[in-house]
Amino acid sequence: MEDCLFCKIVAGEIPADVVHQTERTVAFRDLNPQAPMHVLVVPRDHHANAAELAAADPQASAELVTTAAAVAAAEGHDDYRIVFNTGPGVGQSVFHTHLHVLAGRAMTWPPG
Ligand code: 5GP
Ligand code: ZN
């Protein structure tokens with residue numbers, strides 16, 4: 001999709017620190033990390049949010065979660081948090097589905 005930041009990262013048009021790739025997903029470090037490990041896992045295809053991806057491509061949706069687990073395990077984290085912000089009211093700022101994977105520090109609940 002034109003003018004989508006994460007489509008451009010998937011296409012290699014904008015550089016990113018890519019840590020893992022599968023047929024359907026790309027995982028790269030967040031530019032503004034909120035934990036010692038903060039990786040974003042995105043589908044290669046453009047969908048605006050997690051629900052739209054799940055409806056359109058359940059396999060890719062599942063692969064986001066299995067990729068998140070693989071990334072956390074590869075960096076030695078048994079415990080990690082995965083988050084889909086959905087909608088600007090809860091902080092979604094990039095409208096290409098992305099799963100945040102955060103680990104490496106204590107976290108509180110509920111989130112802010
Ligand atoms: P959201 O707020 O939509 O849930 O998450 C978007 C995330 O993308 C934010 O955590 C933000 O730091 C990250 N981000 C924004 N621009 C870039 C970029 O150009 N490169 C990378 N790697 N991450 C970005
Ligand atoms: Zn996109």
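Remember, it's a predicted structure, so these values are computed and weren't measured experimentally. (Residues numbered from 1 in each chain as written. Chains lettered and ligands numbered in written order. Predicted model: local features only at pLDDT ≥ 70, side-chain atom pairs only at ≥ 80, totals over all residues. Heavy atoms only, no water.)

We now examine the sheet that holds strand S5 (residues 99–103). The strand order across the open sheet built from five strands is S1-S2-S3-S5-S4, with neighbouring strands paired in antiparallel fashion. In this open sheet, the two edge strands, each paired with only one partner strand, are strand S1 (18–21) and strand S4 (81–83). Averaged over all adjacent pairs, the angle separating strand axes in this sheet is 20°, with direction ignored. In this sheet, S5 lies alongside S4 in antiparallel orientation, the contact comprising three bridges. (Pairing = 2+ DSSP bridges. Helix = DSSP H or I, 4+ residues; strand = E, 2+ residues; numbered from the N terminus. Axes fitted to C-alpha atoms, helices over the stretch in contact; angles between N-to-C directions.)

Let us now look at the nonpolar core. Residues Met37, Val39, Val41 and Val101 are the most contacted members of the largest nonpolar core, which totals 13 residues. For this core, the leading source of residues is helix H3 (residues 58–74), giving five residues. In contact with Val101, not counting residues within four places along its chain, are Met37, His38, Val39, Val41, Ala68, Tyr80, Arg81 and Ile82. By size, the runner-up hydrophobic cluster in this structure holds 10 residues, among which are Phe6, Cys7, Val26 and Val42. (Core = buried A, V, L, I, M, F, W, Y, C linked by side-chain atoms within 4.5 Å. Buried < 20%, exposed > 50% of the residue type's maximum accessible area, 1.4 Å probe, protein only. Contact = heavy atoms within 4.5 Å.)

Attention shifts here to the packing of aromatic side chains. Given two aromatic rings, their pairing is described by the distance between the two centres and the angle made by the two planes. All chains considered together, the criterion is met by one aromatic pair. With centroids separated by 5.4 Å and ring planes inclined at 75°, the aromatic side chains of Phe6 and Phe28 adopt a geometry described as edge-to-face. With a gap of 22 residues between them, Phe6 in helix H1 (residues 5–10) and Phe28 in strand S2 (residues 25–29) connect regions that are remote in the sequence. (Phe/Tyr/Trp six-rings, centres within 6.5 Å; stacked < 30°, edge-to-face > 60°.)

The next point concerns the coordination of the zinc ion (ligand 2). Those protein atoms acting as donors to the zinc ion (ligand 2) are Cys4 (SG), Cys7 (SG), His46 (ND1) and His96 (ND1), and they sit at 2.0 to 2.3 Å. Viewed at the metal, the four donor atoms of the zinc ion (ligand 2) are separated by angles of 107 to 116°, and the geometry they form is tetrahedral. The motif formed by the donor residues of the zinc ion (ligand 2), counted along the single chain, is C-x2-C-x38-H-x49-H. Placement of Cys7 in helix H1 and of His46 in the loop between strand S3 (37–43) and helix H2 (50–56) is noted, with a sequence separation of 39 residues between them. With relative accessibility at 12%, the residue Cys7 sits in the buried group. (Donors = N, O, S within 2.8 Å, 3.2 Å for Na, K, Ca; no water. Tetrahedral: all angles 85-135°; square planar, octahedral: opposite > 155°, others 65-115°.)

A complete count under the given rule lists four salt bridges for this structure. The residue Arg29 makes a salt bridge to Asp17 at a minimum N-O spacing of 3.4 Å. With Arg29 in strand S2 and Asp17 in the loop between H1 and S1, this residue pair connects regions lying 12 residues apart in the sequence. Looking at Asp17, the relative accessible area reads 43%, which means it is partly exposed. For the salt bridge of Glu75 with Arg29, the shortest nitrogen-to-oxygen distance reads 2.8 Å. Of this pair, Glu75 sits in the loop between H3 and S4 while Arg29 sits in strand S2, placing them 46 residues apart in sequence. Taking relative accessible area as the criterion, Arg29 reaches 32% and is therefore assigned partly exposed. One connected set of salt bridges, linked through shared partners, spans Asp17, Arg29 and Glu75. (Salt bridge = Lys/Arg side-chain N within 4 Å of Asp/Glu carboxyl O.)

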